[in-house]
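Geometric and topological summary
Spelled out from the first residue to the last, the chains are:
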Amino acid sequence: MVKNNTHFGVEKISTSTHTLKTLFIEQRRMTCKCVPAATLVPALTQKNILVSITNVILKNKTKNSTLPLKVLVSEPPDTLAHARKRPRTTEEEGNGRSPSKRVSTPPLLDTAIERARNVDTVVYGLYDIGAWYYSPYPSEFGPNIDKLYICEHCLRYTNEENQLRVHKLNCKKRKLPGRVMYQQGNIKIYEIDGREQKLFCQNLCLMAKLFVDHKTLYYDTEGFKFYVLTEQIKRSDIMVGYFSKEKLSYDNYNLACIMVLPTHQRKGYGRLLIEMSYALSKKEGVVGSPEKPLSTLGALGYRAYWASTLISFMRTFRGDISICDISKETCIHEEDIVSTLSRLGLLVYSKPLTISLPPISEPEQQQQQQQKEQHQQQKEQHQQKEQKKEQEKEQEKEVVHVTVESLNIYITESMLDKAVETYRISLTPRLLPECILF
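The shown structure was predicted, so the numbers you read here are calculated from the model rather than taken from an experiment. (Residues numbered from 1 in each chain as written. Predicted model: local features only at pLDDT ≥ 70, side-chain atom pairs only at ≥ 80, totals over all residues. Heavy atoms only, no water.)

With burial as the criterion, each face of strand β10 (residues 257-260) is covered, one bearing C257 and M259 and the other bearing I258 and V260. Here strand β8 (residues 236-246) runs beside β10; their pairing, made up of four bridges, is antiparallel. Following the sheet pairing, Y242 is matched in β10 by M259. (Buried < 20%, exposed > 50% of the residue type's maximum accessible area, 1.4 Å probe, protein only. Helix = DSSP H or I, 4+ residues; strand = E, 2+ residues; numbered from the N terminus. Pairing = 2+ DSSP bridges.)

Below, the discussion takes up the pattern of salt bridges. Taken as a whole and judged by the stated rule, the model has 15 salt bridges. With its nearest N and O atoms 2.9 Å apart, the salt bridge here joins E275 to R271. In this pair, E275 and R271 are both assigned in helix α9 (residues 269-284), four residues apart and thus about one turn of the helix distant. (Salt bridge = Lys/Arg side-chain N within 4 Å of Asp/Glu carboxyl O.)

Between K292 and the following residue, P293, the backbone shows a cis peptide bond with an omega angle of 0°. When you line up the elements, P293 lands in the loop between β11 (289-290) and α10 (296-315). Backbone geometry at N252 places phi at a positive 60°, although glycine is not the residue there. Counting through the fold element by element, N252 comes out in the loop between β8 and β9 (253-255). A relative accessible area of 36% places N252 in the partly exposed class. One non-glycine residue, R266, lies in positive phi territory at about 60°. Mapped onto the elements, R266 comes out in the loop between β10 and α9.

Moving on, we come to the sheet that holds strand β1 (residues 119-124). Sheet architecture is open: four strands sit in the order β2-β1-β3-β4, paired in mixed fashion. The open sheet terminates on both sides in strands that have one partner only, identified here as β2 (127-130) and β4 (157-158).

Looking now at the state of the cysteines. Taken as a whole and judged by the stated rule, the model has zero disulfides. The structure places no disulfide on C205, whose sulfur is separated from the nearest cysteine sulfur, that of C201, by 6.7 Å. (Disulfide = S-S within 2.5 Å.)

Spatial ordering of the open sheet is given by β5-β6-β7-β8-β10, a layout of five strands whose pairing is antiparallel. Pairing within the sheet leaves two strands with one partner each, and these edge strands are β5 (179-184) and β10. Across the sheet, the mean angle from the axis of one strand to that of its neighbour is 20°, orientation sign disregarded. Relative to strand β6 (residues 187-193), β5 runs antiparallel, the two being bridged by five bridges. Within β6, the residue paired with Y182 across the bridge is I189. On the sheet, α9 packs against β5, β6, β7 (224-233), β8 and β10 and is oriented at approximately 50° with respect to β8. (Axes fitted to C-alpha atoms, helices over the stretch in contact; angles between N-to-C directions. Contact = heavy atoms within 4.5 Å.)

Another point: the layout of surface pockets. There is about 820 Å³ of room inside the second largest pocket. Broken down by secondary-structure element, the contributors of at least two residues to the lining of the second largest pocket are β10, α9 and α10. When residues in the lining of the second largest pocket are grouped by element, the largest group, six residues, is from α10. Partitioned by chemical class, the residues of the lining of the second largest pocket number 12 nonpolar, 11 polar and five charged. (1 Å grid on protein atoms, 1.4 Å probe; cavity = no way out; pocket = protein on both sides within 12 Å on 5 of 7 lines; lining within 4 Å. Points joined across faces, edges and corners; volume = space filled by probe spheres on them. Nonpolar A, V, L, I, M, F, W, Y, C, P; charged D, E, K, R; others polar.)

We now examine the packing of aromatic side chains. Across all of its chains, the model carries nine aromatic pairs by this definition. Aromatic pair Y227 and F243: ring centres 4.9 Å apart, planes at 15°, arrangement stacked. Here the residue Y227 occupies a position in strand β7, and F243 occupies one in strand β8, the gap between them amounting to 16 residues. With respect to class, Y227 is no different from F243; both count as buried. With centroids separated by 5.4 Å and ring planes inclined at 50°, the aromatic side chains of Y302 and W306 adopt a geometry described as tilted. With Y302 and W306 both in helix α10 and four residues apart, this pair spans about one turn of that helix. Ring pairs connect the aromatic residues Y278, Y302, Y305 and W306, which therefore count as one cluster. Of note, R343 hangs over the ring of Y423, and the distance from its end group to the ring centre comes to 5.8 Å. (Phe/Tyr/Trp six-rings, centres within 6.5 Å; stacked < 30°, edge-to-face > 60°. Lys NZ or Arg CZ within 6 Å of the ring centre and 35° of its normal.)

With that out of the way, let us pick up the pairing of β1. Summarising burial for β1: five of the six residues are buried, a large majority. The pairing of β1 with strand β3 (residues 145-150) spans five bridges and is parallel. If you follow V123 over to β3, its bridge partner there is Y149. Examined bridge by bridge, β1 and β2 share four bridges and lie antiparallel to one another. Residue T121 lies in a different strand from β2, and its bridge partner there is G130. From the end of β1 to the start of β2, which pair antiparallel, there are two residues, and G125 there has a positive phi angle of about 65°.

At a closest axis distance of 11 Å, the pairing of α10 and helix α14 (residues 413-423) adopts a crossing angle of 155°. Here α10 lies roughly antiparallel to α14, going by the angle between them. The crossing of α10 and α14 is left-handed. Of the residues in α14, those touching α10 at I311, M314 and R315 are L416, D417, A419 and V420. Among the residues forming the contact of α10 with α14, the class breakdown is five nonpolar, no polar and two charged. (Parallel < 35°, antiparallel > 145°, perpendicular 65-115°, else oblique. Left-handed = near helix turned anticlockwise from the far one by under 90°.)

This brings us to the nonpolar core. One finds I189, L229, F243 and Y278 to be the most contacted residues of the largest nonpolar core, which totals 45 residues. If you look at the next biggest cluster of nonpolar residues, it comprises 33 residues, including Y124, A131, Y137 and L206. (Core = buried A, V, L, I, M, F, W, Y, C linked by side-chain atoms within 4.5 Å.)

The share of residues in the protein with pLDDT of 70 or more is 66%, and the mean pLDDT across the chain is 76. Taken element by element, the protein is modelled with least confidence in helix α4 (residues 69-72), mean pLDDT 33, and with most confidence in β6, mean pLDDT 97. Scored below 50 in pLDDT, residues 351-358 makes zero contacts in the model with residues more than four places away or belonging to other chains. (pLDDT = per-residue confidence, 0-100.)

Right under this line is the structure:
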């Protein structure tokens, strides 16, 4: 009898489980319209079903009558919450599919909003550098980083000094990845592909954002090439500055971002990187220009380079030339040439002087003789003045005759000298052609 009861009980449990699930789903479909079964079945936990079935078996032993479904099934308190559905959207109704939850990423922050500086001091090699702007370093470091430790060999970063010491014991990099494009003494410029050395370039961009306000590129480095300027210290090449350039630029931009560390500024490194970007443009045979807008320090560096290049070119040129021809010779964009010449005060159009003499009258003979004597005196004085003017013209020889939008511009050597003295323009180039390795 015990075996039969046990066998019966097992059979009864299996049949009751199927019956209860079916009845419960049908009842919920009647009360909650069009609720899918997959939403309701998980609400019945295995514990509730077993408790309800055991109650049915015990009741059937004492009394051959079935109880209502609402007494047998103890409904969990959150079943209705699971059964409620959000309203369908128009796309879901058109597709006839049931709505499904999707993980939504947080919206991107507005890049136009200036964010507070989150790093106080950058420990980089032998230098403690104060940061200027915000940089999106990991949030695990906290909202305010007192000291950010960066390895001068691979640019990996941490917020703990002990971790940096352990890293330096294992970091064996003493040369930068990529190939050397320029070498002058202890100074080198490496060309690094953003696709091949993605981690290094990302770390470089994060560090550069601490000192560049308008920089927006952090992680998407695959479409760029990076030209990194290094100084050799104890057989190691240490990064001191860089500029990035798009691999394919439809606007012929030869520079996307430029940065020199504050500890190495006023050494001519910014001018060297700018000249390197235009040397690459000359190699490609393309008239280049940097991306706008420029940062404050970037604008100062470019204005100095444009002024120095144009004045040096005009001092060695004689004859007629147009802005387009100057652009082809120097690989500087036409808009940059016009803005530079106008800023230096060289685009001043002067009309030729015309002297209008009064008409000759018919005075009396005595008056004519007196006038002749006066005229001779004036003629001698005029000849002396003309001789002085010719001497001045010999000193101020015409350097170039520039045509800007059908206007004739005459630029003399004295105008160029005045511009050099006024704006303190350095005419000595930083990039030596014999040190270029491409």
